Amino acid sequence: MNNYVLEIVIENKPAARDPEGETILKDLINQNGFEMVKNVRSGKFLRVNLEAESKEKAKNIVYRMCNDLRIFNPVIHVVTINVKD
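Here the structure is a predicted model, which means the values were calculated and not measured.

Caption draft 1: Representation of the side chain of Asp-18 within the structure. Mapped onto the elements, Asp-18 comes out in the loop between β1 (2–12) and α1 (19–32). An unpaired buried charge is present at Asp-18: no salt bridge exists, and Arg-41, the closest side chain of opposite charge, is 4.0 Å distant. Excluding anything up to four places from it in sequence, Asp-18 contacts Asn-12, Val-40, Arg-41 and Ser-42.

Caption draft 2: Quick peek at the pattern of salt bridges. Overall, the coordinates contain 4 salt bridges when judged by the stated rule. Here Arg-47 and Glu-7 are joined by a salt bridge, their closest N and O atoms 2.9 Å apart. Here Glu-7 lies in strand β1 and Arg-47 lies in strand β2 (residues 43–52), a separation of 40 residues in the sequence. You can call Arg-47 exposed: its relative accessible area is 54%. Among the ionic pairs, Glu-53 bridges to Lys-57, the shortest N-O distance being 2.8 Å.

So, how was this worked out
- Residues numbered from 1 in each chain as written.
- Predicted model: local features only at pLDDT ≥ 70, side-chain atom pairs only at ≥ 80, totals over all residues.
- Heavy atoms only, no water.
- Helix = DSSP H or I, 4+ residues; strand = E, 2+ residues; numbered from the N terminus.
- Buried < 20%, exposed > 50% of the residue type's maximum accessible area, 1.4 Å probe, protein only.
- Lys, Arg positive; Asp, Glu negative; His and termini not counted.
- Salt bridge = Lys/Arg side-chain N within 4 Å of Asp/Glu carboxyl O.
- Contact = heavy atoms within 4.5 Å.

Written out as structure tokens, the structure is:
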């Protein structure tokens, strides 16, 4: 068994509203003068360490874990899982 570090990013789908990202964008522009920022999307970031036989099996375990525990809603979220080297 090998040890793997997996990074999981959970974001709203592009068509879904992101009130937190909209608030951050508004604050950046109105309160801090960052007019050059055109869009902000918020999300969740998780880092998981686990043992698995391969990178692919590690990704499958993490996806199943996130799905079984309802860490994300597949209707409104996009999940990206990366295995760190």
